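Structural overview
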Amino acid sequence: MRRFILITLAAALLFPSQMTGKGFRWGLEWGASGICHSNTYCVYTADEGFIVEYRKLSNRLHVNGTLEGFVGIDFARRMNISLHSGYAGIADGERGVPLSLRPTLRLGRKPDAGGASIFAEGGVFFRKNCDISMFAKLGTGWRTILSQHLVLDFNAGLQVSRTHPDIYDKYSGRYLTRESARGLKCFNAGFFLTTALVF
């Protein structure tokens, strides 16, 4: 991850002319997300042979961190689409690598001068020894122009995800394997707050 950040910053400094106006954009985004609602369900067979139907509903706030790099392209004066990836937490105890696409629409009379924007984002989430999870975001942002080649974005919005968390079997005293947790799914809903440097 440290090498990825250094490469991104070096590219931004070496090729600033490609990141202004219509063309390519590079950047780093970091922040936090808060999961306010989580609903988990699965069925498994205990070691003793009986069937266990596992359900867990939680409305307790859980905060995750996120650090991502992205590359995008301005294909119109108001439109940008970017590819994001990095390392993030998506729910309680679930951390891994997200991969997503984010189309953005800049608002206002002079979109090149900064100001408000709206965006949608959808993607997948990879975690070791787990099925692929899915997530979606809907947000708004505010852009501040720092220099000819550098802008600062503040983003906020709502997010939902369908994940595959680790399930603890209280009867055996260990976590279930992916194969034994049948029909495992978890729906999460919450919000996110991030800051991004765009070159």
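Here, every reference points to the structure presented above.
Since we're looking at a predicted model, the values are computed, not measured. (Residues numbered from 1 in each chain as written. Predicted model: local features only at pLDDT ≥ 70, side-chain atom pairs only at ≥ 80, totals over all residues. Heavy atoms only, no water.)

Side note on the side chain of R127
Stated precisely, the cut-off is as follows: Helical segments are the DSSP runs of H or I of at least four residues, strand segments are the runs of E of at least two, and each set is numbered from the N terminus. We call a residue buried when its accessible area falls under 20% of the maximum for its residue type, exposed when it is over 50%, and partly exposed in between, using a 1.4 Å probe and counting protein chains only. Within 3.5 Å is the distance limit for a polar contact, defined as a pair of N or O atoms, with the added protein rule that one can donate a hydrogen and the other accept it, and that residues adjacent in sequence qualify only through two side-chain atoms. Between two residues, a contact is recorded if the distance between any of their heavy atoms is within 4.5 Å.
Within the element layout of this structure, R127 appears in the loop between β6 (115-126) and β7 (133-147). Given the relative accessible area of 14%, R127 is considered buried. Side-chain polar atoms of R127 contact the side chain of D166, separated by 3.5 Å. With sequence-adjacent residues up to four places away left out, R127 is seen in contact with G93, E94, R95, H164, P165 and D166.

Digging into the nonpolar core
The tendency in soluble globular proteins is for nonpolar side chains to be buried side by side. Which entries qualify depends on this criterion: To form a nonpolar core, buried Ala, Val, Leu, Ile, Met, Phe, Trp, Tyr and Cys residues must be joined to one another through side-chain atoms within 4.5 Å.
One finds C42, Y44, A46, V52, Y54, I167, L176, A181 and L184 forming the largest nonpolar core, which totals nine residues. Excluding residues that lie within four positions of it along the chain, V52 makes contacts with C42, V43, Y44, A46 and Y171.

Points about the pairing of strand β8 (residues 150-163)
This is how the line gets drawn: Two strands form a pair only when DSSP identifies at least two bridges running between them.
As paired elements, β7 and β8 share 13 bridges and run antiparallel to each other. In the sheet register, M134 faces β8, and the bridge partner there is R162. Pairing analysis gives 13 bridges linking β8 to strand β11 (residues 182-198), with the strands arranged antiparallel. In the strand pairing of β11, D153 is matched with A196.

Concerning a nonpolar patch on the surface
This is how the line gets drawn: Within this analysis, patches are made of residues with over 30% relative accessible area and no salt bridge. Like charges are joined at 9 Å or less; nonpolar side chains (Val, Leu, Ile, Met, Phe, Trp, Tyr) at 5 Å or less. Surface accessibility follows the Shrake-Rupley procedure with a 1.4 Å probe radius. Residue values consider only the protein chains on display as shielding. We define a salt bridge as a contact between a side-chain nitrogen of Lys or Arg and a carboxyl oxygen of Asp or Glu at a distance within 4 Å.
A grouping of F24, V71, I73, F75, I81, L83, Y87, V97, L99, L101, F126 and I132 is seen on the molecular surface, where their side chains present a nonpolar patch of about 1,000 Å² in accessible area. Elements represented by at least two residues in the nonpolar patch include exactly β3 (62-74), β4 (79-91) and β5 (94-106). Secondary-structure assignment places L99 in strand β5. Judged by its relative accessible area of 35%, L99 falls in the partly exposed class.

Thoughts on the pairing of β7
Where β6 and β7 come together, eleven bridges link them in antiparallel fashion. Paired with A120 across the strands is L138, a residue of β7. In this structure, the hairpin formed by β7 and β8 is closed by a connection of two residues.

Quick word on the side chain of H164
Along the chain, H164 turns up in the loop between β8 and β9 (168-169). Owing to a relative accessible area of 14%, H164 belongs among the buried residues under this scheme. Ignoring any residue separated from it by four or fewer positions in sequence, one finds H164 in contact with E94, R127, C130, D131, I132, S133 and L184.

Quick notes on unusual backbone geometry
In this structure, N129 is a non-glycine residue whose phi angle is positive, near 60°. Along the chain, N129 turns up in the loop between β6 and β7.

Some details on the packing of aromatic side chains
Each aromatic ring pair is specified by the distance between its two centres and by the angle formed by the two planes. Stated precisely, the cut-off is as follows: Note on aromatic contacts: the rings of Phe and Tyr and the six-membered ring of Trp form a pair at centre separations within 6.5 Å, being stacked when their planes are under 30 degrees apart, edge-to-face when over 60 apart, and tilted otherwise.
The final tally for this structure, using the stated rule, is three aromatic pairs. Between the aromatic rings of F50 and Y171, the centroid separation amounts to 5.1 Å while the plane-to-plane angle is 90°, which identifies the pairing as edge-to-face. Here F50, found in the loop between β1 (24-45) and β2 (51-58), pairs with Y171, found in the loop between β9 and β10 (174-175); they are 121 residues apart in sequence, far enough to count as distant. Assessed through its relative accessible area of 34%, F50 is described here as partly exposed.

In short, geometric facts, not functional conclusions.
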